[in-house]
Amino acid sequence: MNFLRGVMGGPSAGPQPSGAETIQKLCDRVASSTLLDDRRDAVRALKSLSKKYRLEVGIQAMEHLVRVLQTDRSDSEIIGYALDTLYNVISNDLEEEEQEENSPKQVDDLGSQFTEIFIKQQENVTLLLTLVEEFDFHVRWPGVKLLTSLLKQQGPQVQQIILVSPMGVSRLMDLLADSREVIRNDGVLLLQQLTKSNAAIQKIVAFENAFERLLDIITEEGNSDGGIVVEDCLLLLQNLLKNNNSNQNFFKEGSYIQRMKPWFEVGDDNCGWSAQKVTNLHLMLQLVRVLVSPTNPPGATSSCQKAMFHCGLLQQLCTILMATGVPADILTETINTVSEVIRGCQMNQDYFASVNAPSNPPRPAIVVLLMSMVNERQPFVLRCAVLYCFQCFLYKNQKGQGEIVSTLLPSTIDATGNSVSAGQLLCGGLFSTDSLSNWCAAVALAHALQENATLKEQLLRVQLATSIGNPPVSLLQQCTNILSQGDKIDRRGSKVQTRVGLLMLLCTWLSNCSIAVTHFLHNPANIPFLTGQIAENLGEEEQLVQGLCALLLGISIYYNDNSLENYRKEKLKQLIEKRIGRENFIEKLGFISKHELYSRAAQKPQPSFSSPDHMMFDHEFTKLVKELEGVISKAIYKSSEEDKKEEEVKKTLEQHDNIVTHYKKVIREQDQELEELKQQVNTLKSQNEQLQTTVTQQVSQIQQHKDQYNLLKVQLGKDNQHHNSHSDTVQMNGIQVEEVSKLKEELEEWKNKHELLQGQLREKDSLIEKLKPSQLETGTEQSSQASKSSGLEHSELQKELEMLRTQIQLQSAEITKLQAENQKLQVMNTSADPALGDSSATAAKNLELEGRLVQEVKELKNEVKALSEEKASLKQHLDSSNSTVAILQDEKSKLQQEVAESKKEQDDLLVLLADQDQKLSALKNKLKDLGVPVEDEDDIESGDQADEDEDGDEEEQD
């Protein structure tokens, strides 16, 4: 223990041991001590010495510390001390005093050497991965820091070991889910080092749900307002996505682009941006650019651009672009980000063209940005960003190119001058005294003409007013005038820069446009100026101008259509041969591609220059030079005969192209016709199938009709046997004419009888009326006779009425029977007659069914039509029979009504007779009361009978 007190700083007697000796004794203690406490104290002492005596501890103690990690895993405290000691030895994050003693290079070398020793045994890294899984804070946190340091020192080697280790990356991903922020944040730093330049690990980390966890952390920390943790997460996201197409596609498919939109929701109060917020937002913008970088595959970039538009991310970026109070570096990066989001995407370019700045009156965002580009007071990087944005807006956007050029044409210029157009700003920048504005405007205008021959011809119509009283000159003429004046104009900045910009514009304008070449050659001063510039021996700066002049002259030869006699191809070649020399011309033309600035510009589309003096070449122009340099060289060496042959070949090729185009058109038309015929065949097939199904249905229906017809035939045979008496008569839908006539005769008879009865009733009524006044006068005999005769007549009348009722009932029964037969025969007719027609058609149809489907369908339609006509005729017959039945029913109802009336009259007569009897009985009673002898009814009846007998005898005698 005295030894440990000496180490820990306690008082001791005798000379003090050196650091190396102390470390040696501690290492022996760790190796030989059997007590865990002694080993723990020794490792703690090594930890305290490891910063000051880094080299000695690393050399002597590393092996013992690794053994402690292997054997004493049950004690978290000693494991933590051992990991901290190894971290101090391997890490280069030393304190100031250590940095003073050792130079930074020596420190780097020392950490790298110790790391190499540690990872020489791959089991050590695997052991460290196992320790990182421990939840104990004193083990996990030092393990994370040590592993991060190993990755910093020997990244690729450690990455390979972790990659082949089972579940190695997955173990480290669990650090992001740790509830302790210190471990989680250091885990993010660890993953940063782990994913550097290793696509395989990047894919594993991405598929271990890293995007979801990192975006959650950024949201929890407050997005752009968060601290350094947000910055670390964004750096890790960049590592995972940059140059990794698989992860970019996974990020897009997982709808993580939509979660980026809240990052750019900055408030209206944009003053007082913290440095951390600026850094975070800068990294967020860079992350968006990673997804839409021009170096990515076009398909992946396009899908990300569309996703950013649909989720509103582009709209949010444009809001920042037009906001006030945004720091300059954030504004510049936002412009670059918007540029790449809209580059080559028509939908996004159209939206950007519709964005207006919040000014009064509102101005298009493009106009506002161009104002910044041609304003020499704006920062250089901002002007470069605006130029890049304008280039991206016009990239593969013929609609946008046409809108920009249209603002220069005479018919669309605002005569009032209230608003500034994009074309006016470009012309203003093109002819200003600031060379950088000249170059930017020239390049921007060249992009408006890129690969668009129509706009190149339209731009020839642009006229510029130079000064009052002088006629206007064309834009092409003004560009050549400024070019020829050269050093005479006092400009701010590089004079070479202005001429380079104008020459790039003219080369782009004249390439692949014979009409523009003719306009250029029409000015007699242009060719002498170009030959004079190429022939001179100028300094190194002017060599670039000479090369561009040679390129412009070569374009004038290559795209010359020989419409001007003085400037035909052959004459221009002879001029080069006399004034310059072919070899000299080719040498000057090669100055362009050999220039250092040309090589830089050819690397990527974004114009990035360290200073304005280096701003010479545009990326798209380098492509044009690469395309034309070879063909111009060949064109210069060609003779007139070769030119003629080439022209003939060109004409032949044009004719061939025309023939090919014609055949392509024919093939396209034939394809369209073929498609239409295919569609017709498909429709006919479907119709054929429908008709076949219809035919099969109709065949089955015909078979059913046949069966029904056979059944009806049998039934009709039975009915014919039962009604043989009616078979010879002419039928009228089931009701025979003779029966109807008989019924009519019987009805007439009954009518006559009814009239007779009515007459008799009237006679009886008149008799009763006569009897009333004469009853008292005539006496008993007359009254008895009248009552007797009336009683007899009444009984006869009742009998006749009963007979009439029975006859009417019989006739009504016969009528109902006839109606039933009529309905039955009607059903038979409607079912049997079509079946007969169909059966005759079926025989012919079955013969022609094979191969004549269409004709058969027509025949079926005709049959259906015939059946419908037959049905109509049967319906007419049915209507006529129904009318006959209705007439009979009316007559029956009339008879019934007449019978009812006669019955009512009879009832009335009976009532009258009853009243008469009562009156007679009353009169008899009165006569009896008066003493007049009155005979009873029985006596009267007997007397009447005697009288009748006497009358009979008299008749016999007579």
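Above: the structure in question.
Residues numbered from 1 in each chain as written. Predicted model: local features only at pLDDT ≥ 70, side-chain atom pairs only at ≥ 80, totals over all residues. Heavy atoms only, no water.

Peer 1: In this structure, what is going on with the overall build of the protein? I would like to understand it.
Peer 2: For the protein, the helix and strand inventory stands at 41 helices and six strands. Counting only contacts in the protein whose residues sit at least 6 apart along the sequence, the fraction spanning at least 24 positions is 73%. In the form shown here, the protein has an accessible surface area of approximately 51200 Å², with 51% of it arising from carbon and sulfur atoms. (Helix = DSSP H or I, 4+ residues; strand = E, 2+ residues; numbered from the N terminus. Contact = heavy atoms within 4.5 Å. Areas by Shrake-Rupley, 256 points an atom, 1.4 Å probe, with all protein chains shown as cover.)

Peer 1: Honestly, a nonpolar patch on the surface in this entry has me stumped. Any pointers?
Peer 2: Among the surface-exposed residues, Ile-659, Tyr-663 and Ile-667 lie close enough to one another that they form a single nonpolar patch of about 310 Å² accessible area. Residue position: Tyr-663 is located in helix α37 (residues 640-722). (Patch = residues over 30% accessible without salt bridge, like charges linked within 9 Å, V, L, I, M, F, W, Y side chains within 5 Å. Salt bridge = Lys/Arg side-chain N within 4 Å of Asp/Glu carboxyl O.)

Peer 1: Would you mind showing me how to read the packing of aromatic side chains here?
Peer 2: Each aromatic ring pair is specified by the distance between its two centres and by the angle formed by the two planes. Applying the stated rule across the entire model yields 13 aromatic pairs. Ring centres of Phe-137 and Trp-141 lie 5.5 Å apart, and the angle between their planes is 25°; this geometry places the pair in the stacked category. Here Phe-137 and its partner Trp-141 are both found in helix α9 (residues 137-153), four residues apart, which amounts to about one turn of the helix. Judged by relative accessible area, Trp-141 falls into the partly exposed class, the value being 27%. Plain terms: the ring middles of Phe-211 and Phe-250 are 5.9 Å apart, the flat faces sit at 35° to each other, and that makes the pair tilted. Linking Phe-211 in helix α14 (residues 210-220) with Phe-250 in helix α16 (residues 245-253), this pair joins segments that are 39 residues apart in sequence. Phe-211 sits in the buried class, given a relative accessible area of 0%. Residue classification places Phe-250 among the partly exposed positions, given a relative accessible area of 26%. One cation-aromatic arrangement involves Lys-277 over Trp-273; the distance from NZ or CZ to the ring centre is 4.6 Å. (Phe/Tyr/Trp six-rings, centres within 6.5 Å; stacked < 30°, edge-to-face > 60°. Buried < 20%, exposed > 50% of the residue type's maximum accessible area, 1.4 Å probe, protein only. Lys NZ or Arg CZ within 6 Å of the ring centre and 35° of its normal.)

Peer 1: Is there a simple way to think about the side chain of Gln-153 in this case?
Peer 2: With respect to the helices and strands, Gln-153 occurs in helix α9. Overall, the relative accessible area of 17% leaves Gln-153 in the buried class. Polar side-chain contacts of Gln-153 include one of 3.3 Å to the side chain of Asn-92. Within polar-contact distance, the side chain of Gln-153 engages the backbone nitrogen of Ser-112 at 3.3 Å. (Polar contact = N/O pair within 3.5 Å; in protein donor to acceptor, adjacent residues only side chain to side chain.)

Peer 1: Teacher, can you tell me more about the pattern of salt bridges here?
Peer 2: One side chain can pair with another of opposite charge once the charged atoms of both are near each other. Summed over the entire model, instances satisfying the criterion amount to 27 salt bridges. Bridged by salt links that share partners, the residues Asp-37, Arg-40, Asp-41, Arg-44, Asp-75 and Glu-77 form one connected network.

Peer 1: Honestly, the layout of surface pockets in this entry has me stumped. Any pointers?
Peer 2: If a probe the size of a water molecule is rolled over the atoms, the empty space left behind becomes visible. If you add up the space inside the second largest pocket, you get close to 460 Å³. Around the second largest pocket, the lining is made up of 22 residues, and of these Gln-450, Glu-451, Asn-452, Glu-620 and Glu-627 lie nearest the centre. Counting residues per element, the lining of the second largest pocket draws most heavily on helix α36 (residues 619-637), at five residues. Residue composition of the lining of the second largest pocket, by class: six nonpolar, ten polar and six charged. (1 Å grid on protein atoms, 1.4 Å probe; cavity = no way out; pocket = protein on both sides within 12 Å on 5 of 7 lines; lining within 4 Å. Points joined across faces, edges and corners; volume = space filled by probe spheres on them. Nonpolar A, V, L, I, M, F, W, Y, C, P; charged D, E, K, R; others polar.)

Remember, this is a structural readout, not a statement about activity or role.
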